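# Reading the structure
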Amino acid sequence: MSWWTCAIGLVAALGCTPRDFARRELLWPGGAPGARGTAKADQPELFYYLPPAGQGNGAAAIVAPGGSYAHTGGLRPEAFPTARWLVEQGFVAVVLRYRVSGDGYAHRDFLADGRRAVQRVRSQAAELGVDPQKVGFIGYSAGGHLAGFVATACGKEGEAAAADPLEQVSCRPDFIVMVYPVVTLDDRWAHQRSKRSLLGTEAATPQLEKQLSLEQRVTESAPPAMLVHSRKDAKVVFHNSELYDEAARARGASSRLQLYDDGRHGVGLAQRPGMPQMASWPATMLAWLRELGVLAK
């Protein structure tokens, strides 16, 4: 089954559950911090997609689906198809199924899962055949927020004195791609369902809203970012991407904003008919990564 078959949903009745990943692993084999139980929902996972031997490009990308942080419904139309496409380009692609608010989790849990995913993949760089300094994070919608959340929370170095060996590994992605991302909790532009998911049971204080808004978090030390958004997005207004891009540039971080006059929310790689402009974003991302030196020119 091709990634595109899954993407357009022709086999939706079968669930399009992937069977082509090389392996799957629990993100937290010993149990996730703050886990509410031991059900599947309490045990986030990583799905590894590996290029054929000798065909890798030396880079890895973690892929996080959308779903308003309330669910991970974007796994099938967004994350798994993207992983398959990335493998065709030579990447090691690792899909992250993170915990969600629908199962009782909130922002601290989302960030913990995103950080750990980067640490896990970077710690496995030699085994995976990738450069540990070429580990990126691609996220859709709420997953786009998670990419930026992790990128703005983590430093270039791990905690050398940490008892946990993985905490000694940096959780900072080397590049991030945020596709129609949730960025701000400012009610003028916020995606309200994602905001509720991030807050959980905590009060929406100005301090907490600022802490969770990416345009407030980004600094010059943030990794290079590419933002992709449709001006026709009716769920997450495209000004979210503008806010991050403007803040990043103002603070000296590298950012590229790609806005399109076609497309909409939830289209993943945007290869469906009727959105020829937005369909170009994956190729634009590859060109951008070549400019950064992540991929060979």
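My aim in this report is to walk through the structure given alongside it, one point at a time. Fair warning: this is a prediction, and the values are worked out from it, not measured in the lab.

Moving on: the environment of Gly37. Locating Gly37 in the fold gives a position in the loop between strand E1 (23–26) and strand E2 (45–49). By relative accessible area, which is 30% here, Gly37 ends up partly exposed.

Examined against the element boundaries, Arg36 turns out to sit in the loop between E1 and E2. Separated by 68 residues in sequence, Arg36 and Gly104 place their C-alpha atoms 7.7 Å apart. Apart from the residues lying within four places of it in its own chain, the contact partners of Arg36 are Asp42, Asp103, Gly104 and Tyr105.

Moving on, we come to the state of the cysteines. Linking two cysteines covalently through their sulfur atoms gives a disulfide. Scanning the model with the defined rule gives 1 disulfide in all. Disulfide pairing is shown between Cys154 and Cys171; the S-S distance is 1.9 Å. Taking the torsion about the sulfur-sulfur bond, which here is approximately -105°, the covalent link between Cys154 and Cys171 counts as left-handed. With Cys154 in the loop between helix H5 (142–153) and strand E6 (175–179) and Cys171 in the loop between H5 and E6, this pair connects stretches of sequence that are 17 residues apart. By the burial criterion, Cys154 is buried, and Cys171 matches it.

Time to look at the packing of aromatic side chains. Inspection of every chain in the model, using the stated rule, returns 9 aromatic pairs. With a centroid separation of 6.3 Å and an interplanar angle of 50°, the aromatic rings of Tyr49 and Phe80 are classed as tilted. With a gap of 31 residues between them, Tyr49 in strand E2 and Phe80 in helix H2 (residues 79–88) connect regions that are remote in the sequence. Each member of the aromatic cluster is reached from another via a ring pair, and the members are Phe21, Phe47, Tyr49 and Phe80. For Arg23, the ring lying beneath its charged end belongs to Tyr48, and the centroid distance is 4.1 Å. Positioned over the ring face of Tyr105 is Arg99, at 4.9 Å from the centre of the ring.

Next up on the list: the nonpolar core. Ile62, Leu96, Phe137, Leu146 and Tyr244 are the most contacted members of the largest nonpolar core, which totals 51 residues. Ala59, Ala93, Phe175 and Trp288 belong to the second largest nonpolar core, which has 37 residues in total.

A positive phi angle is found at Ser68, which is not glycine, with a value near 60°. Its place among the elements puts Ser68 in the loop between strand E3 (60–64) and H2. When its relative accessible area of 11% is taken as the criterion, Ser68 is described as buried. Of note, Ser141 is a non-glycine position whose phi angle comes to about 55°, a positive value. Classification of Ser141 as buried rests on a relative accessible area of 4%.

With that out of the way, let us pick up the sheet that holds strand E7 (residues 225–230). Across a sheet, paired strands are connected by hydrogen bonds in the backbone, their directions being either parallel or antiparallel. In space, the 8 strands of this open sheet follow the order E1-E2-E4-E3-E5-E6-E7-E8, with mixed pairing throughout. The open sheet terminates on both sides in strands that have one partner only, identified here as E1 and strand E8 (255–260). Strand after strand, the sheet turns through a mean of 15° between neighbouring axes, direction not considered.

Before going further, it helps to examine helix H10 (residues 281–292). Here H10 contains 12 residues, and its C-alpha end-to-end distance of 16 Å stays within 8% of the 16 Å for a straight helix at 1.5 Å per residue. Three or more residues of H10 are buried, namely Trp281, Pro282, Thr284, Met285, Leu286, Trp288 and Leu289. Those residues of H10 hidden inside the fold are in contact with H2, strand E5 (135–140), E6, E7 and E8. Looking one or two places after H10, you find Gly293, whose phi comes out positive at around 90°.

The topology assignment puts Gln124 in the loop between helix H3 (107–123) and helix H4 (125–128). Using a relative accessible area of 11% as the deciding quantity, one classes Gln124 as buried. Among the polar contacts listed, one links the side chain of Gln124 to the side chain of Glu25, at a separation of 3.5 Å.

The rules behind each value
- Residues numbered from 1 in each chain as written.
- Predicted model: local features only at pLDDT ≥ 70, side-chain atom pairs only at ≥ 80, totals over all residues.
- Heavy atoms only, no water.
- Helix = DSSP H or I, 4+ residues; strand = E, 2+ residues; numbered from the N terminus.
- Buried < 20%, exposed > 50% of the residue type's maximum accessible area, 1.4 Å probe, protein only.
- Contact = heavy atoms within 4.5 Å.
- Disulfide = S-S within 2.5 Å.
- Phe/Tyr/Trp six-rings, centres within 6.5 Å; stacked < 30°, edge-to-face > 60°.
- Lys NZ or Arg CZ within 6 Å of the ring centre and 35° of its normal.
- Core = buried A, V, L, I, M, F, W, Y, C linked by side-chain atoms within 4.5 Å.
- Pairing = 2+ DSSP bridges.
- Axes fitted to C-alpha atoms, helices over the stretch in contact; angles between N-to-C directions.
- Expected span 1.5 Å × (residues − 1).
- Polar contact = N/O pair within 3.5 Å; in protein donor to acceptor, adjacent residues only side chain to side chain.

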